[in-house]
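# Structural description and commentary
Single-letter residue listing:
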Amino acid sequence: MAAQIGYVVSCLFSLLVAIVCISITFLKHRKSYKKSKKKLPPGQMGLPWIGETMEFYKAQRKNQLFEEFVQPRITKYGKIFKTRLMGSPTVVVNGADANRFFLSNEFKLVISSWPSSSVQLMGKDSIMEKQGERHRCLRGLIGTSLGYAGLEALVPKVCNSVQLHLKTKWHGQEKVSLYRSTKILTFTIVFECLLGIKVEPGMLATFERVLEGVFAPPFRFPGSKFSRARKARLEIEKILVSSVREKRKEMEGRLEGEKDEFLMSKLVSGMIKGVISEEEVIDNMVLLVFAAHDTTSYAIAMTFKMMAQHPNCYALLLQVTLSAGNFYQNFDITWGDNRAKILDGGQLLTLSLDEASGSGFQSKNEYLFGRIDMQIKLVAGNSAGTVTAYYLSSQGPTHDEIDFEFLGNLSGDPYIVHTNVFSQGKGNREQQFHLWFDPTKAFHTYSIVWNTQRIMFLVDNIPIRVFNNLESIGVPFPKSQPMRIYSSLWNADDWATRGGLVKIDWTKAPFTASYRNFKASTVSTSTNSLQASELQDQALGATGRNRIRWVQKKYMVYNYCTDFKRFPEGLPSECKRSRFL
């Protein structure tokens, strides 16, 4: 009995010593913590470990995360507040300024961190878990598919997918489930257009099971969302591993120089070169599918919702869309038989030139003042002797005309952009320029701004020439004759290249120029509405003046206002009045 009492006393004494030690340690820690404690924003941390996780999940489940979780706390605490989510102390930052601050200081002030469930399902080798040089390497591989060459291959595929989806899922339907429909569409685009993998039945449902567990508590017991998501992730991994290994086998057996622009091919190419591992390829493909299709489908659905709630925005968007034009609706092919073609449902027009004939088109409408934009990709390769003309013109012996003409050249030599202004039948106001890019590699925008005060020529919104209204000193100015838009591709080898010394090499025919994204922003011909229009007052600002000086200093190759041999009796009167003719 005495031994038992001694044992109990000994235990109690040991427990007392332990409590005292713990208390001392706690007090020291608390004192130290108070000294080093940083000021935190207002907010509630909630229950230990759990925090406000339950409120977060409830709002997320109802798809009201901002409305029911974030917005009430912004109202109470401001744009920056503290909370606790999924066991982690968290500071929530809102607003454009905050986004700009964090995104412009990538990896300098913060590092990327994701909940454990997200990391396990997206993959520990995905870009979201990489920092520094490894992150930049993966981002570089992914970014190559979104350069000029990649987008030129990708955009037509996306357009075809959208058109097919609308035709099969929307047309003839009285009611459409918008969010579900956009999820199917964006999932198909990501897999088939971006990755080059055919979507099989059930694939979207499998990916959605993974998505359900991305922000679920990482509990692995059977039947939990996270457990079901992990199982779906293994199914996806099996599909992607098979596709990646098949693609690797295909690429290793491919002839040198053959390539495609699919993102999966870029990643597999990096794997073949030893830059990234197979696990990194798989994990990043999984992440990209979720990042691309889920976010995009939500954004599209929300855009439709906002347009329904704000009819004025819908009307404005419809106006902009209609002004972008359709070649079937806005133009007539006028010559060249089948050498001129309208493609892609009216979104693309091509002109061709062969030894027999060139081709051309004109607008259905006439325009009196406004802004005309057209994206053009010029004849590639040896285009010597060819001219691609794009201009506004009226008819008759006293016609007005505003010209862009693109004079072809030998391979490797620059195109010459020839500009001219005719008024009352009189031209002879030529200026010529080289371009600061290759106009055959991609589409570029060529614009004419025409109002009662001036005419401006722009390339990719950079002014290259201004012709001012100087009627006050007797210089005719086009202001009373409505004009149509014309374009043609034709044989001008008697003068176009080196004064006609270089002829067309017909072995390179047919020569083709392509057009898209026509847009006409016009103003009324009535005096009152014309004066109220922004286009009426459009002129060069400080930035525009700096740009036109840069273009005329570095790229102008001919200016009629400096051609004293051509005008031995004196330069035209307008040449003495404007620096930017």
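Residues numbered from 1 in each chain as written. Predicted model: local features only at pLDDT ≥ 70, side-chain atom pairs only at ≥ 80, totals over all residues. Heavy atoms only, no water.

In this section: unusual backbone geometry. For the bond running from alanine 509 to proline 510, omega is 0°, close enough to zero to count as cis. The topology assignment puts proline 510 in the loop between strand 15 (484-491) and strand 16 (511-522). Residue asparagine 428 is not a glycine yet carries a positive backbone phi of 60°. Take asparagine 428: it is sitting in the loop between strand 10 (416-422) and strand 11 (431-433). We note that aspartate 460 has phi near 50°; this positive angle belongs to a residue other than glycine. With respect to the element layout, aspartate 460 can be found in the loop between strand 13 (454-459) and strand 14 (462-468). A relative accessible area of 31% means that aspartate 460 is categorised as partly exposed. (Helix = DSSP H or I, 4+ residues; strand = E, 2+ residues; numbered from the N terminus. Buried < 20%, exposed > 50% of the residue type's maximum accessible area, 1.4 Å probe, protein only.)

Attention shifts here to a nonpolar patch on the surface. A contiguous nonpolar surface patch, about 670 Å² in accessible area, is contributed by Leu47, Trp49, Ile50, Met54, Phe219 and Phe221. Of note, phenylalanine 221 is situated in the loop between helix 9 (203-212) and helix 10 (225-252). (Patch = residues over 30% accessible without salt bridge, like charges linked within 9 Å, V, L, I, M, F, W, Y side chains within 5 Å. Areas by Shrake-Rupley, 256 points an atom, 1.4 Å probe, with all protein chains shown as cover. Salt bridge = Lys/Arg side-chain N within 4 Å of Asp/Glu carboxyl O.)

Let's shift gears to the state of the cysteines. Overall, the coordinates contain one disulfide when judged by the stated rule. Here cysteine 561 connects covalently by a disulfide to cysteine 575, the sulfurs 1.9 Å from one another. Residues cysteine 561 and cysteine 575 share a disulfide whose torsion about the S-S bond is about -80°; that sign makes it left-handed. Of this pair, cysteine 561 sits in the segment after strand 17 (556-559) while cysteine 575 sits in the segment after strand 17; the two residues are 14 residues apart in sequence, bridging distant segments of the chain. Cysteine 561 gets classed as buried once you look at its relative accessible area, which sits at 12%. The class for cysteine 575 is buried, based on a relative accessible area of 15%. The thiol of cysteine 193 is not disulfide-bonded; the next cysteine sulfur, from cysteine 159, is found 9.4 Å away. Under the relative-accessibility criterion, cysteine 193 is labelled buried at 5%. (Disulfide = S-S within 2.5 Å.)

Along strand 7 (residues 370-377), seven of the eight residues are buried, which leaves the element largely enclosed by surrounding structure. When strand 7 meets strand 16, the two strands line up antiparallel, connected through seven bridges. Note on strand 16: the bridge partner recorded for arginine 371 is serine 521. Relative to strand 12 (residues 444-450), strand 7 runs antiparallel, the two being bridged by seven bridges. Bridged to glycine 370 within strand 12 is tryptophan 450. (Pairing = 2+ DSSP bridges.)

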